[in-house]
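# Notes for the structure review
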Amino acid sequence: MHRFAFVIHPIDVKRDAARKYPIARYLPERWVESLLKRKEPIVVSRITGIRSLTGAQTEGWFIGCPLSPRMMLSLPLEFVYQKIIRCGEIAQELGAEIIGLGAFTSVVGDGGITIAKNLRIAVTTGNSYTVATAIEGAVRAAELMGIPIEEATVAVVGAAGSIGRTCALALAPQAARILLLGRDLQRLEPIAAELRKRARGEVQLSADLAHTLPQADVVITVTSAVDAIIYPQHLKPGAVVCDVARPRDVSVRVARERDDVLVIEGGVVAVPGEVDFGFDFGFPPRTAYACMSETMMLALEGRIESFTLGKEVSLQQVETTQQLAQKHGFRLAGFRSFERAINEEEIARIRENARRKGARAYSAVG
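Now for a look at the structure at hand. (Residues numbered from 1 in each chain as written. Predicted model: local features only at pLDDT ≥ 70, side-chain atom pairs only at ≥ 80, totals over all residues. Heavy atoms only, no water.)

### Section: the pattern of salt bridges
This structure, assessed with the given rule, holds 24 salt bridges. Across the salt bridge formed by Lys83 and Glu40, the nearest N and O atoms sit 3.6 Å from each other. On the criterion of sequence distance, the pair formed by Lys83 in helix H4 (residues 77–94) and Glu40 in the loop between helix H2 (29–37) and strand S2 (42–51) is long-range, its members being 43 residues apart. For Lys83, a relative accessible area of 6% corresponds to the buried category. (Salt bridge = Lys/Arg side-chain N within 4 Å of Asp/Glu carboxyl O. Helix = DSSP H or I, 4+ residues; strand = E, 2+ residues; numbered from the N terminus. Buried < 20%, exposed > 50% of the residue type's maximum accessible area, 1.4 Å probe, protein only.)

Here it is, written out as structure tokens:
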């Protein structure tokens, strides 16, 4: 049996830290971050019960890195590296052969390359399978909202990043139009040139999210922003948003104020077997993030290699994870929206709300 480990860390500092240290919910956020900075990484839980369709099994551990996204971006990079490397060393001591980097630990610095150089075990960010499930989820959700992908304008927010770029590459041959959004147009230009060779429709660039995003039928957002960047006014009625980012790119205000748009979380995956994570990270039983699932499937396959590292993810890597998922029994686990399950009946209501708003708008113009 090949064993794995996966690094987790607090996203919402007070909420997540309070799961381990209840007093944290009563303290100011900056105080909690100051306390976390002094903490060493720890073993959070043991993960058991993962069984492939092939009969292969694996087990592993969650290793907790005591840094929030804001801390990882503001503290010296070497300090952050030391904390993540220590997570890997703990995994080595436990007997893990591969470790996955979760959330911001896969984003900070050079995307895991330095971490891998300082460990004896393999390292993966999980970004390849994250891209695969984001694409699958966005296309399926669009279908349920009555939006054929071949007729859709698809916006990729954070298109200059590794996940965003590959999502755009995968969707360009399918979508009617692709919008690439990012803060730096110069970084988007070579991506746009690459897409135009394979796109079936127009490819446009924009750094103006407020002006451009309301044109999109389908949005995949995957920035490394610490705070929300997409608000209710940015979305057209009937739009589908696949929010792959952690922390979320989409404000919770969208859930409260827009009953005519569908926001889903990218990369929620059903894990084969009777998996027990030993820790509640907010998902239904036996489901996990795609990045976690990539680490598990590599262990099940015996591919003890640093599979996804750095800032680039290739379409070949995405396709490989899709093949491994099918072989071992990982699959998209329906949809979740703002930490809760959302079924097809609720999606139908959102679609109807969008239709009604569209009809009212048409009447007003008429």
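### Regarding helix H8 (residues 185–196)
Note that an α-helix has 3.6 residues per turn; residues three or four places apart therefore point the same way. Taking 1.5 Å per residue, twelve residues should reach 16 Å; H8 reaches 16 Å between its end C-alpha atoms and fits that length. Of all the positions in H8, only Leu188, Ile191, Ala192 and Leu195 are classed as buried. All buried residues of H8 lie within an arc of 105° about the axis, which places them on one face of the element. Pointing more than 90 degrees away from the buried face of H8 are the exposed residues Gln186 and Pro190. Taken together, the buried residues of H8 touch helix H7 (162–171), strand S7 (177–181) and strand S8 (202–206). (Expected span 1.5 Å × (residues − 1). Arc of directions from axis to C-beta. Contact = heavy atoms within 4.5 Å.)

### A closer look at the state of the cysteines
Evaluated as defined, the whole model comprises zero disulfides. Considering cysteine sulfurs only, Cys87 is the nearest to Cys65, which forms no disulfide, with 4.3 Å between them. (Disulfide = S-S within 2.5 Å.)

### What about unusual backbone geometry?
Positive phi, normally seen in glycine, also occurs at Ala103, with a value near 50°. Within the secondary structure, Ala103 sits in the loop between strand S4 (98–101) and helix H5 (113–117).

### Brief notes about the packing of aromatic side chains
Evaluation of the coordinates by the stated rule reveals eight aromatic pairs. Their ring planes at 85° and their centres at 5.7 Å tell us that Phe62 and Phe281 sit as a pair that is edge-to-face. Linking Phe62 in strand S3 (residues 57–64) with Phe281 in the loop between strand S13 (273–276) and strand S14 (287–289), this pair joins segments that are 219 residues apart in sequence. Neither Phe62 nor Phe281 differs from the other in exposure class; each is buried. Their ring planes at 75° and their centres at 5.3 Å tell us that Phe277 and Phe281 sit as a pair that is edge-to-face. Taken as a pair, Phe277 and Phe281 share a single burial class, namely buried. Ring pairing ties together the aromatic residues Phe6, Phe62, Phe277, Phe279, Phe281, Phe283 and Tyr289, which thus form one cluster. The aromatic ring of Phe79 is capped on one face by Lys37, whose charged end is 5.9 Å from the ring centroid. (Phe/Tyr/Trp six-rings, centres within 6.5 Å; stacked < 30°, edge-to-face > 60°. Lys NZ or Arg CZ within 6 Å of the ring centre and 35° of its normal.)

### Quick notes on the sheet that holds strand S5 (residues 122–124)
Strand order in this open sheet of six strands is S5-S4-S1-S3-S2-S13, and the pairing throughout is mixed. Because the sheet does not close on itself, it has two edges, and the strands there are S5 and S13. Direction aside, the axes of adjacent strands within the sheet are offset by 20° on average. Note: strand S1 (residues 4–8) against S4, four bridges, orientation parallel. Counted as the bridge partner of Ala5 is Ile99 from S4. (Pairing = 2+ DSSP bridges. Axes fitted to C-alpha atoms, helices over the stretch in contact; angles between N-to-C directions.)

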